[in-house]
Amino acid sequence: MYLSELKGDPAQLPEPEQQQPTRAPRFTRKRAAYAALPVAGLILFGAYGLIGHDKAQADTQPLPTVTVSQPIERSIVEWDDYVGRFEASQAVEIRPRVSGALTGIHFKDGQIVRKGQLLFTIDPRPFAAALAEARARAASAATALSLAHADLARANRLIADQAVSAEEVDSLRARVQSAEAALAAARAQVQARRLDVEFTQVRAPISGRVSDRRVDIGNLVSGDAAASATVLTTVNALDPIYFSFDGSESLYLKQRRQKDGSDRVEIRLQDEPDYRWKGKVDFTDNALDNGSGTIRGRAVVDNPNYFLTPGMFGNMRLAAGGARKALLVPDAAVVSDQARKVVYVVTGKDGSVEARPVEAGPLINGLRVIRSGLKPKDRVVISGVQFAASAPKVQTIAGRIEATKVAAAPAVPAPISSQATLAAAR
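Residues numbered from 1 in each chain as written. Predicted model: local features only at pLDDT ≥ 70, side-chain atom pairs only at ≥ 80, totals over all residues. Heavy atoms only, no water.

Section: the sheet that holds strand S9 (residues 220–221)
Alright, step 1. Taken together, the four strands give an open sheet; going across it, the order is S7-S6-S4-S9, and neighbouring strands pair in antiparallel fashion. Pairing within the sheet leaves two strands with one partner each, and these edge strands are strand S7 (201–203) and S9.
Alright, step 2. Here strand S6 (residues 118–122) runs beside S7; their pairing, made up of three bridges, is antiparallel. By the bridge assignment for S7, Phe120 is matched with Val202. (Pairing = 2+ DSSP bridges. Helix = DSSP H or I, 4+ residues; strand = E, 2+ residues; numbered from the N terminus.)

Some points on the side chain of Arg356
Alright, step 1. Position of Arg356 relative to the elements: it lies in strand S18 (residues 352–364).
Alright, step 2. Owing to a relative accessible area of 16%, Arg356 belongs among the buried residues under this scheme.
Alright, step 3. Within polar-contact distance, the side chain of Arg356 engages the side chain of Glu354 at 3.2 Å.
Alright, step 4. The residues contacting Arg356, other than those within four sequence positions of it, are Lys341, Val342, Val343, Val345, Thr347, Gly373, Leu374 and Asp378. (Buried < 20%, exposed > 50% of the residue type's maximum accessible area, 1.4 Å probe, protein only. Polar contact = N/O pair within 3.5 Å; in protein donor to acceptor, adjacent residues only side chain to side chain. Contact = heavy atoms within 4.5 Å.)

Focus: the environment of Lys393
Alright, step 1. Locating Lys393 in the fold gives a position in the loop between helix H5 (385–390) and strand S21 (395–398).
Alright, step 2. Each C-alpha atom, one on Lys393 and one on Pro64, is 8.0 Å from the other, the two residues being 329 residues apart in sequence.
Alright, step 3. With residues up to four places along the chain from it excluded, the contact list for Lys393 reads Leu63, Pro64, Asp350, Gly351 and Ser352.

Some details on the packing of aromatic side chains
Alright, step 1. One pass over the structure, following the stated rule, counts five aromatic pairs.
Alright, step 2. Both rings, one in Phe107 and one in Phe120, keep their centres 5.3 Å apart while their planes meet at 80°; by these two values the pair is edge-to-face. Placement of Phe107 in the loop between strand S4 (100–105) and strand S5 (112–113) and of Phe120 in strand S6 is noted, with a sequence separation of 13 residues between them.
Alright, step 3. Over the ring of Trp79 we find Arg317, and its NZ or CZ is 4.8 Å from the ring centre.
Alright, step 4. Positioned over the ring face of Tyr275 is Arg317, at 4.2 Å from the centre of the ring. (Phe/Tyr/Trp six-rings, centres within 6.5 Å; stacked < 30°, edge-to-face > 60°. Lys NZ or Arg CZ within 6 Å of the ring centre and 35° of its normal.)

Following this line, the structure appears as structure tokens:
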């Protein structure tokens, strides 16, 4: 059928016949695969070129640069830490030695008193009367002794004329001796009564700070026996003052084994940043405590202004031997490698890096004491430690180790006031 015959009605056109999909010939697929080979080769060659270029760049990268310096050598003193409390060097309970009524108080509570200063007065009148009586008895005994001496002298003159018997003379001699003994007893009684009168004035036995009065005027106080005597007040000697502390057995052994052990101590209070109080150890107990395994020690500290008070808490450090030479490096140069401490040392002219295990000591102004593991001529990495830890070789520049003043430990702040009022205008 021709198209010219169907021009008028498109609906009369015949439907196109469905064509079956045709399969490319086998030789055509192989040809396409062979054609793709050059493209893949170009891609692989380009990738190899990029990798090779990066490796070449890596091989030509410069070595990392670190700062090195030899450790500095300084004379240091090491200290061991302790804690303890201050105690009075002398503490006395003021008790009366005679009984009676309290008639006078001659100090202000809490003031500083001196040795021999009058503190209390007990009514002296009964004791003054007893002293007068004792003196009268002593005078009577002296008169009796004089009479006995006169009788004996008269008998001695008459014995040559046999006017008196020998028995009577012996009796007179015995009476003289008895009169002498009675006079001695009377005089001792006078001395005892005089002491009682003195004891009515209670004086400070030591210099120090007195506590408050425990008994007011008008009360009867007892002084018959020491155990039952009335406590009037207490006095603590504060200059010098003691600092009592406990140390472990290991610290005690360390101090004992040191050839040049020192007894110097420095103490700081809880609100002080520095160790401003100086002293020395003057006592160590003769045995360790079985329960705690510690031994008690005591240091003497000067306290001229009575600022330190018994019961105060303090941190003490005790010199662990005398001054000695030590190597110091910056604290940042010492790093932790699992359970050990290491510093990185540059060895040789090619910049090889070696991790050197060391025994680190205390910190002094930002510098770490190295007890062992380093030599004075070693070149220690003090800056760029992270590069030295990851690179086998480095470039070096010379540096300098300097101590830095480390801020002192912050002091415990003073309690904040809970209230405030407006100040009165003047």
